Amino acid sequence: MELIVPAVLVIIAAGAYFWYVSIIGRRNKVKEALGSIDAHLQLRSDLIPNLLRAAQRFLSHEEKLLTEITALRSEVTKDYDRGNGEEVKQHLNFAEQLSSKLGQLRVQIENYPDLKGDGPIEEAMETMSEIEAQITAARRFYNSAVTDLNNSVEIFPGSVIANMAGVSSMPYYEAAEASRAPINADDYLNPA
């Protein structure tokens, strides 16, 4: 009987330690995934000034859109605390707004055949499409890592261990409200 109590305590302590290690590993996986998103966002941010300079000569009447893209680019490239869920959520929100504005720019460029056929613009848009595909993949990886982390810190006994370790759930990368809206085909089709 005297050996059973210490053995049970050792088993409980070992279980808690392994759960703690699991939670920390999942938190670090989320940070890694967030770092991957940031690396791709930085690539996109580096491309934006060249794209805007090339497009500016054709799209002088779209100055507001170009200014909004520049301002959002500045927000996306600011430092933030990757361990703070609110700051992560705000950062991801700015990144999604920038994606939306770049989509608007793409539509504007496609409306101008001279601009669309311009070599530097064409190359920049192709590179932008590749980067956007990489960002999409990084978002999926991030959301998967967040699911694993959130499950481990929200389910007992992980919630207790996570609270003691100072680990909290993280926000998902969600699409902007505008991209969830229904699409009106009339906005894109020219009536004959």
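Now for a quick tour of the structure. (Residues numbered from 1 in each chain as written. Predicted model: local features only at pLDDT ≥ 70, side-chain atom pairs only at ≥ 80, totals over all residues. Heavy atoms only, no water.)

## Remarks on the overall build of the chain
Okay, so step 1: A count of helices and strands for the chain gives seven helices and zero strands.
Okay, so step 2: Element order for the chain, N to C, with α for helix and β for strand: α-α-α-α-α-α-α.
Okay, so step 3: Expressed as a percentage of its 192 residues, the buried residues of the chain come to 34%.
Okay, so step 4: For the chain, the accessible surface area stands at approximately 11800 Å², while carbon and sulfur atoms represent 56% of it. (Helix = DSSP H or I, 4+ residues; strand = E, 2+ residues; numbered from the N terminus. Buried < 20%, exposed > 50% of the residue type's maximum accessible area, 1.4 Å probe, protein only. Areas by Shrake-Rupley, 256 points an atom, 1.4 Å probe, with all protein chains shown as cover.)

## Concerning the nonpolar core
Okay, so step 1: Grouped together as the largest cluster of nonpolar side chains are 45 residues, with contacts concentrated most on Leu-51, Ile-69, Leu-105 and Tyr-142.
Okay, so step 2: In terms of residues, this core owes the most to one element, helix 1 (residues 4-56), which gives 13 residues.
Okay, so step 3: If we ignore the near neighbours within four places in the chain, the residues touching Leu-105 are Leu-51, Leu-52, Leu-59, Leu-65, Leu-66 and Ile-69. (Core = buried A, V, L, I, M, F, W, Y, C linked by side-chain atoms within 4.5 Å. Contact = heavy atoms within 4.5 Å.)

## Considerations on helix 3 (residues 85-110)
Okay, so step 1: Relative to the 38 Å expected for 26 residues at 1.5 Å per residue, helix 3 spans 37 Å between its end C-alpha atoms, a close match to the ideal helical length.
Okay, so step 2: The N-terminus of helix 3 is capped by Asn-84, whose side-chain oxygen sits 2.9 Å from the backbone nitrogen of Glu-86. (Expected span 1.5 Å × (residues − 1). Polar contact = N/O pair within 3.5 Å; in protein donor to acceptor, adjacent residues only side chain to side chain.)

## Focus on the pattern of salt bridges
Okay, so step 1: For the coordinates displayed, the defined rule picks out seven salt bridges.
Okay, so step 2: Where Lys-101 meets Glu-68, a salt bridge forms, and the shortest distance between an N and an O atom there is 2.9 Å. With Lys-101 in helix 3 and Glu-68 in helix 2 (residues 63-76), this residue pair connects regions lying 33 residues apart in the sequence.
Okay, so step 3: Exposure remark for Glu-68: the relative accessible area of 24% places this residue in the partly exposed category.
Okay, so step 4: Residues Lys-78 and Glu-75 are paired through a salt bridge, measuring 3.1 Å at the closest nitrogen-oxygen approach. (Salt bridge = Lys/Arg side-chain N within 4 Å of Asp/Glu carboxyl O.)

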